[in-house]
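Each chain is listed here by its residues.
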Amino acid sequence: MAGNKTLTIIKPYAVNDGYIGSILSRINDAGFRITAMRFTHLNIKDAQAFYAIHKDKNFFDRLTAFMSSGPIVVAILEKDNAVADYRKLIGATNPEEAEEGTLRKLFGRNMEANAVHGSDSDENADIESNFFFSKMERF
Ligand code: CMP
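Each value, and the rule that gives it
- Residues numbered from 1 in each chain as written.
- Predicted model: local features only at pLDDT ≥ 70, side-chain atom pairs only at ≥ 80, totals over all residues.
- Heavy atoms only, no water.
- Helix = DSSP H or I, 4+ residues; strand = E, 2+ residues; numbered from the N terminus.
- Rg over C-alpha atoms; globule rule 2.2 N^0.38 Å.
- Contact = heavy atoms within 4.5 Å.
- Areas by Shrake-Rupley, 256 points an atom, 1.4 Å probe, with all protein chains shown as cover.
- Lys, Arg positive; Asp, Glu negative; His and termini not counted.
- Charge placed at Lys NZ, Arg CZ, Asp CG, Glu CD.
- Buried < 20%, exposed > 50% of the residue type's maximum accessible area, 1.4 Å probe, protein only.
- Near = heavy atom within 4 Å.
- Polar contact = N/O pair within 3.5 Å; in protein donor to acceptor, adjacent residues only side chain to side chain.
- Nonpolar A, V, L, I, M, F, W, Y, C, P; charged D, E, K, R; others polar.
- Salt bridge = Lys/Arg side-chain N within 4 Å of Asp/Glu carboxyl O.
- Pairing = 2+ DSSP bridges.

(A) The arrangement of the overall build of the protein chain in detail. Per the secondary structure count, the protein chain includes seven helices and four strands. The order of α-helices and β-strands along the protein chain, N terminus first, is β-α-α-β-α-α-β-α-α-β-α. Against the globule reference of 14 Å for 139 residues, the protein chain gives a C-alpha radius of gyration of 14 Å, in line with a compact fold. Summarising the internal contacts of the protein chain: among those between residues at least 6 apart in sequence, 74% fall at separations of at least 24. Carbon and sulfur atoms make up 50% of the accessible area of the protein chain, which amounts to about 7500 Å² in all. The protein chain carries 17 positive and 19 negative side-chain charges, and their two centres are separated by 2 Å.

So this is what it looks like as structure tokens:
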């Protein structure tokens, strides 16, 4: 059975450019409940730990440098079928290939600066939620 939770990150340049409100509003309109949220700034080690799954990829150093370059907003989102539905809302990883109306099409610039992260499986949604939030911080 599909899980009901996913983790999102509003990435540094999207925060810097003032898109937090527009992105959260679209997340709410799509029927997701925000059950935990934090404004934070990853250091390089945190970013490397969070993206450890990509450590052998050629874009790892660029990605982790970018993700630690400024403040981000991290949130746990809940609704039925959360992982798949959120991936539909955000669109393809590359904003140029993302469908019209998706968050990455609307707010993304390129592969790294693609506006938001979304968990790719229920298992990773759990791992990623536990990375950022304790039980006490979830509602
Ligand atoms: P995200 O959903 O945060 O998960 C991993 C990130 O790696 C992805 O979004 C992209 O920002 C980045 N990424 C994936 N593939 C590439 C690529 N080929 N080149 C650069 N960055 C990539």
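Having seen it, we continue.
(B) Here's a closer look at helix α5 (residues 82–90). Every buried residue of α5 is accounted for by Ala 82, Val 83, Asp 85, Tyr 86, Leu 89 and Ile 90. Elements that come into contact with the buried residues of α5 comprise β1 (5–10), α2 (20–29), β3 (72–78), α6 (103–107), β4 (116–118) and α7 (122–132). Where α5 ends, the next residue or the one after it, Gly 91, has phi of about 85°, a positive value.

(C) Main features of the site of the ligand. Every residue near the ligand is listed here: Lys 11, Tyr 51, His 54, Phe 59, Arg 62, Leu 63, Thr 93, Arg 104, Met 111, Glu 112, Asn 114 and His 117. Within the side chain of Lys 11, one N or O atom sits 2.8 Å away from an oxygen atom of the ligand. In the model, an oxygen atom of the ligand is placed 3.0 Å from a nitrogen or oxygen of the Arg 104 side chain. Taken by itself the ligand offers 460 Å² of open surface, and the protein chains cover 81% of this. In terms of residue class, the shell around the ligand is made up of four nonpolar, four polar and four charged.

(D) Fine view of the pattern of salt bridges. Taken as a whole and judged by the stated rule, the model has eight salt bridges. Here Arg 38 makes a salt bridge to Glu 137, at a shortest N to O gap of 2.3 Å. Of the two residues, Arg 38 sits in strand β2 (residues 33–40) while Glu 137 sits in the segment after α7, which places them 99 residues apart along the sequence. By relative accessible area, which is 24% here, Arg 38 ends up partly exposed. Note that Glu 112 is salt-bridged to Arg 62, the shortest N-O span being 2.4 Å. With Glu 112 in the loop between α6 and β4 and Arg 62 in helix α4 (residues 60–67), this residue pair connects regions lying 50 residues apart in the sequence. Note on Glu 112: relative accessible area 18%, which makes it buried.

(E) Here's a closer look at the pairing of β3. Within β3, six of the seven residues are buried, which leaves the element mostly enclosed by the surrounding structure. Pairing between β1 and β3: six bridges, direction antiparallel. The residue of β3 that forms the bridge with Lys 5 is Glu 78. The sheet contact formed by β2 and β3 spans seven bridges and is antiparallel. The partner of Arg 33 across the bridge, within β3, is Glu 78.

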